[in-house]
Amino acid sequence: MYLKEGRLKLNKKRSIFTRLNTAIILLVSGLNSPTSLAVDEVTRGFNYKIPESIMTPNKVETSIGTLDFYDGLPSDETAKKVFDYLDTARGMQVFLSAIPAASVEAMYRGNRKMGVEASNYVLIMDDLMDSPALFLTGNTDTVYVSGILDLKKDGPTVVEIPAGSGPGTVNDAFFRFVTDMGGVGPDRGKGGTYLILPPDYQGDLKYKEGSETVEMEIGGVKKKVFVSKSASYINWLILRGFLVDGKPDFASKMFREGLKIYPLSQANNQPEMHFINGSGKFFNTIHANDYHFFPEIDAVIQREPVDLFEPELRGLMASIGLQKGKKFAPDARMKEILTDAMKIGNATARALYFNTRMPDAFKWEGSRWKTGFVGGDYNWLIDGGKGGRNLDARTYFFYMATVNTPAMAAKFIGKGSQYAFGDSDKDGNFLYGDKNYKLNIPANVPAKDFWSIVVYDPQTRSQLQTSQRFPSKNNKKGGLVENADGSVDLYFGLKPPKGKEGNWIETVPGKGWFVLLRLYGPLDAWFDNQWKPGEFELVE
């Protein structure tokens, strides 16, 4: 007891001495007057009152647990927690930022597995794309031609497209726009010759995004050539051909007879074109949503020029072991973290689209229909770049769709295509395969060429696989029953309503679904919002 009282007296004397000493220091230094800074206001361990906002408490409660410090020094356990969190966050952000590149890589691999082994080999949907193909929101209503340009192997590559081609596009390995072709391209549907230059091209040809028109000689013939330069070696070419009388035969013949792709260096001895029919075939062109995503991205990093990705993203990738010239070999800890990061990232990408919190994702006020290009910019720039890039809008698009072109975001009256996504009913509930729905398409759809509705699977974002080969309806294919006012009621469910079989699209019990409304050759009423589709309604 005596010892305890002695310690208390001693500590009291020390406290008094410390306060006196502090006051003397302040007075002698002249930095602060004792009258302007009371001794009680001095932060313990300091000579002044330190703002709490710059201090770190010894114990901090966070969403990742309690973080412990000794005078601002993190404990080993705290350092482990924050590093695990940092690596998880960076892994997730690499996923969200690199989805466009992984999507092109998956397209590249899927085409290669189907036999598209060189630039003069292409995949063609002679009988249209149907539900076996795993292909992000592919349509059932145009004849697709898909090709891979390997500019590292072939150098400058020539693409000759026939007159009458619908919308076509070349995208680089990060799904950035290189050039349009066909109806919305510089040839304006009249056919033409395009030249795609590799990223390391050092010649005298002029080029620009979207193609520079150049007079040059190819294969001994002087031609008007549309010249573009890509930022990557691998590029994806996608062309579309329209139906004639509701059939694909004309477009298929047009491409098989008129499409030529060859290295410029072989212009005098062009390789024979090979067309591989992909209709009715099962193949995958969709990137991984798990750990395998990272090896897919690593393949892109190793193959492409280092500046395909800007330094900030390269740094993010390098922080988790993805760097050009280095083997991607995460240890057990990092692999576990990246596996978890992908689970969170995949959930995030899905929420960004299906549960979007972006008000401008909805095309019409009070409607559940969504736009593809949130913000109306194919580069996803906010206010012309003043707000930077809308990263959520970019992820929203590329998780659900392919092809990046200004033609999809711009107002092209009577040309190109426009889109609206539908994934919920008028009350905001998701669409379920066990239930029955009706959708009214009002009369006078503002589409010069045609309109269509295609149903997709929310898991694969590809066509819903049912007993119907084509889970879609198209006003040019025939069979649709119109109402007296010219509108069309479409039905979705397990069984068709009696007498409405031609207007019915089958769904799958225990599964969700969503749709894409397409207008080819969109007219003013679409852009001016004078016309809009009805909302999905539950029916008995």
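Fair warning: this is a prediction, and the values are worked out from it, not measured in the lab.

Would you mind going over the overall build of the protein with me for this structure?
Along its length, the protein carries 10 helices and 23 strands. In terms of C-alpha radius of gyration, the protein reaches 31 Å, well past the compact-globule figure of 24 Å for 540 residues. Judged by the C-alpha coordinates and their principal axes, the protein covers about 105 × 65 × 45 Å. Buried residues in the protein amount to 50% of all 540 residues. Sequence separation of 24 or more characterises 71% of the internal contacts of the protein that already satisfy a separation of 6 or more.

Honestly, a positive patch on the surface in this entry has me stumped. Any pointers?
On the surface, a cluster of positive charge is contributed by R188, K190, K224 and K415. Structurally, K415 can be placed in the loop between α9 (406-409) and β15 (417-422).

Help me understand the packing of helix α2 (residues 76-113) against helix α6 (residues 311-318) in this model?
If you want to describe how two helices pack, look at the angle between their axes and the distance between the axes. The geometry of α2 relative to α6 is characterised by a closest axis approach of 9 Å and an angle of 135 degrees between their N-to-C directions. Judged by the inter-axis angle, α2 sits oblique to α6. α2 and α6 meet at a crossing whose hand is left-handed. For the pair α2 and α6, the contacting residues are R90, Q93, V94, S97 and A98 in the first and L313, L316 and M317 in the second. Taken together, the residues of the contact of α2 with α6 sort by class into five nonpolar, two polar and one charged.

Where do I start with helix α8 (residues 391-400) in this structure?
Since the α-helix packs 3.6 residues into each turn, any two residues three or four apart lie on the same face. Taken across its 10 residues, α8 has eight buried, putting it largely inside the fold. Inspection of α8 places A393, R394, T395, Y396, F397, F398, Y399 and M400 among the buried residues, and these make up the whole buried set. Considering only its buried residues, α8 is in contact with α2, α7 (332-354), β15 and β22 (512-522). Two or three places before D392, at the start of α8, stands the capping residue N390, its side-chain oxygen 3.4 Å from that residue's backbone nitrogen.

Explain α2 to me, please; I cannot follow it from the model alone.
The end-to-end C-alpha distance of α2 is 49 Å, clearly below the 56 Å that 38 residues give at a rise of 1.5 Å each. Approximately 60 degrees is the largest bend angle found in α2, and it occurs at A98, with the proline P100 only one to four residues beyond. Positive backbone phi, at 100 degrees, marks G115, one or two positions downstream of α2.

Help me understand the sheet that holds strand β21 (residues 504-506), please; the structure alone is not making it clear to me.
Hydrogen bonds between backbone groups are what pair the strands of a sheet, and the pairing can be parallel or antiparallel. Sheet architecture is open: four strands sit in the order β21-β20-β17-β23, paired in mixed fashion. Looking at which strands have only one partner, the edges of the open sheet turn out to be β21 and β23 (537-539). Neighbouring strand axes in the sheet, compared pairwise and without regard to direction, differ in orientation by 30 degrees on average. One ladder, built from three bridges, connects strand β20 (residues 488-493) with β21; its direction is parallel. Within β21, the position partnered with Y491 by the bridge is W504.

Help me understand the confidence of the model for the protein, please; the structure alone is not making it clear to me.
Atom-level detail of predicted coordinates should not be read off regions where pLDDT is low. Residue-level pLDDT values for the protein average 93, and 93% of them are 70 or greater. Taken together, the stretch residues 1-35 has pLDDT below 50 and engages in 14 contacts with residues farther than four places along the chain or on a different chain.

Explain the packing of aromatic side chains here, please?
Geometry of an aromatic ring pair is reported as the spacing of the ring centres plus the angle between the planes. Under the definition given, this model contains 33 aromatic pairs. Judged by centre distance (5.9 Å) and plane angle (85 degrees), the rings of F175 and W236 are edge-to-face. Of the two residues, F175 is situated in the loop between β7 (168-171) and β8 (177-181) and W236 in strand β12 (residues 234-242); the sequence distance between them amounts to 61 residues. In this structure, F175 and W236 share a single accessibility class: buried. Here F354 and F514 contribute two aromatic rings whose centre-to-centre distance is 5.8 Å and whose plane-to-plane angle is 75 degrees, an arrangement assigned as edge-to-face. Of this pair, F354 sits in helix α7 while F514 sits in strand β22, and the two are 160 residues apart along the sequence. Residue classification places F354 among the buried residues on the basis of a relative accessible area of 14%. Three or more aromatic residues joined by ring pairs make a cluster, and in this case those are F135, Y144, F175, W236, F373, W380, F397 and F398. For the cation-ring pair, K477 lies above F470, with the distance from its terminal atom to the ring centre recorded as 4.8 Å.

Explanation requested: the pairing of β8 in the structure shown.
Both faces of the sheet carry side chains from a regular strand, because those side chains alternate between them. Along β8, five of the five residues are buried, which leaves the element largely enclosed by surrounding structure. Strand direction decides the pairing type here: β7 and β8, joined by four bridges, are antiparallel. For N171, the partnering residue across the bridge sits in β8 and is F177. Hairpin connection, β7 to β8: the antiparallel pair is bridged by five residues, and F175 has positive phi, about 55 degrees.

Quick question: what am I supposed to make of the pattern of salt bridges here?
Side chains that differ in sign of charge can pair as their charged atoms come close. Across all of its chains, the model carries 20 salt bridges by this definition. K59 is the partner of D68 in a salt bridge, and the nearest nitrogen-oxygen pair spans 2.9 Å. Across the salt bridge formed by R469 and D130, the nearest N and O atoms sit 2.7 Å from each other. With R469 in the loop between β18 (447-456) and β19 (472-474) and D130 in the loop between β4 (121-124) and β5 (142-150), this pair connects stretches of sequence that are 339 residues apart. Judged by relative accessible area, which is 2%, D130 ranks as buried.

Definitions and limits used
Residues numbered from 1 in each chain as written. Predicted model: local features only at pLDDT ≥ 70, side-chain atom pairs only at ≥ 80, totals over all residues. Heavy atoms only, no water. Helix = DSSP H or I, 4+ residues; strand = E, 2+ residues; numbered from the N terminus. Rg over C-alpha atoms; globule rule 2.2 N^0.38 Å. Buried < 20%, exposed > 50% of the residue type's maximum accessible area, 1.4 Å probe, protein only. Contact = heavy atoms within 4.5 Å. Patch = residues over 30% accessible without salt bridge, like charges linked within 9 Å, V, L, I, M, F, W, Y side chains within 5 Å. Areas by Shrake-Rupley, 256 points an atom, 1.4 Å probe, with all protein chains shown as cover. Salt bridge = Lys/Arg side-chain N within 4 Å of Asp/Glu carboxyl O. Lys, Arg positive; Asp, Glu negative; His and termini not counted. Charge placed at Lys NZ, Arg CZ, Asp CG, Glu CD. Axes fitted to C-alpha atoms, helices over the stretch in contact; angles between N-to-C directions. Parallel < 35°, antiparallel > 145°, perpendicular 65-115°, else oblique. Left-handed = near helix turned anticlockwise from the far one by under 90°. Nonpolar A, V, L, I, M, F, W, Y, C, P; charged D, E, K, R; others polar. Polar contact = N/O pair within 3.5 Å; in protein donor to acceptor, adjacent residues only side chain to side chain. Expected span 1.5 Å × (residues − 1). Bend = angle between axes of the 7 residues up to and from the residue. Pairing = 2+ DSSP bridges. pLDDT = per-residue confidence, 0-100. Phe/Tyr/Trp six-rings, centres within 6.5 Å; stacked < 30°, edge-to-face > 60°. Lys NZ or Arg CZ within 6 Å of the ring centre and 35° of its normal.

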